[in-house]
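# Breakdown of the fold
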Amino acid sequence: MIFVNLPVRDLERSKRFFGELGFSFDPTFSNDTVAGMVVERNIYVMLLEEEQFRQFITDEISDTSTTTEVLTCLSADSREQVDELVAKAIAAGGRPWKPPVEDGPMYGGSFQDPDGHVWELVHMART
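Residues numbered from 1 in each chain as written. Predicted model: local features only at pLDDT ≥ 70, side-chain atom pairs only at ≥ 80, totals over all residues. Heavy atoms only, no water.

### Considering the pattern of salt bridges
Tallied over the entire structure, the rule returns 5 salt bridges. For Asp-115, the salt bridge identified is with Arg-13, shortest N-O distance 3.2 Å. Taken together, the positions of Asp-115 in the loop between β8 (106-112) and β9 (118-124) and Arg-13 in helix α1 (residues 11-20) put the pair 102 residues apart, joining distant regions of the chain. Notably, a salt bridge pairs Glu-51 with Arg-54, separated by 2.9 Å at the nearest N-O pair. Placement of both Glu-51 and Arg-54 in helix α2 (residues 50-54) is noted, with a separation of 3 residues, approximately one turn of the helix. (Salt bridge = Lys/Arg side-chain N within 4 Å of Asp/Glu carboxyl O. Helix = DSSP H or I, 4+ residues; strand = E, 2+ residues; numbered from the N terminus.)

### Side note on the nonpolar core
Phe-18, Leu-47, Phe-111, Trp-119 and Leu-121 are the most contacted members of the largest nonpolar core, which totals 20 residues. Mapped onto this core, the elements with two or more residues apiece are β1 (2-8), α1, β3 (34-40), β4 (43-49), α3 (79-91), β8 and β9. No other element matches the 4 residues that α3 contributes to this core. Leave out the neighbours within four places in its chain, and Phe-111 touches Phe-17, Leu-21, Val-86, Ala-89, Arg-95, Pro-96, Trp-97, His-117, Val-118, Trp-119 and Leu-121. If you look at the next biggest cluster of nonpolar residues, it comprises 6 residues, including Val-34, Tyr-44, Phe-53 and Ile-61. (Core = buried A, V, L, I, M, F, W, Y, C linked by side-chain atoms within 4.5 Å. Buried < 20%, exposed > 50% of the residue type's maximum accessible area, 1.4 Å probe, protein only. Contact = heavy atoms within 4.5 Å.)

### Let's talk about the packing of aromatic side chains
Scanning the entire structure with this criterion turns up 7 aromatic pairs. The interplanar angle of 85 degrees and the centroid separation of 4.9 Å between the aromatic rings of Phe-17 and Phe-18 together place this pair among those described as edge-to-face. According to the relative accessible area criterion, Phe-17 is buried, its value standing at 1%. Taking relative accessible area as the criterion, Phe-18 reaches 1% and is therefore assigned buried. With 6.2 Å between their ring centres and 75 degrees between their planes, Phe-18 and Phe-23 make a pair best called edge-to-face. Connected via pairs of aromatic rings, a cluster forms that spans Phe-17, Phe-18, Phe-23, Phe-111 and Trp-119. Over the ring of Tyr-107 we find Arg-79, and its NZ or CZ is 4.0 Å from the ring centre. (Phe/Tyr/Trp six-rings, centres within 6.5 Å; stacked < 30°, edge-to-face > 60°. Lys NZ or Arg CZ within 6 Å of the ring centre and 35° of its normal.)

Written as structure tokens, this is what we have:
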């Protein structure tokens, strides 16, 4: 299994945001300070309130208004799905990050979630 851990300032806001994008949450990996967001059967994004996240680190939480701490990239089934999810993210309170990118068979889009974490979506056309 893979668990990507991200600090969030407002857990309920993050759950609403990602719920609007179609993600679900596993109650087995969730409580009042953590939400286990299901990406795929064995891939979770653990949304941890900042105080909970601090228990796992020895330094400071990155300031996403001035730095990019990680690029989380998810695959999409089509170019249309990339554009749809970026539009949904922005409508749900996210922010645009970079313009769409097309490079050969790859098409990608991106956004920042309400906590400033960068999410990329990419579709790789099969020829």
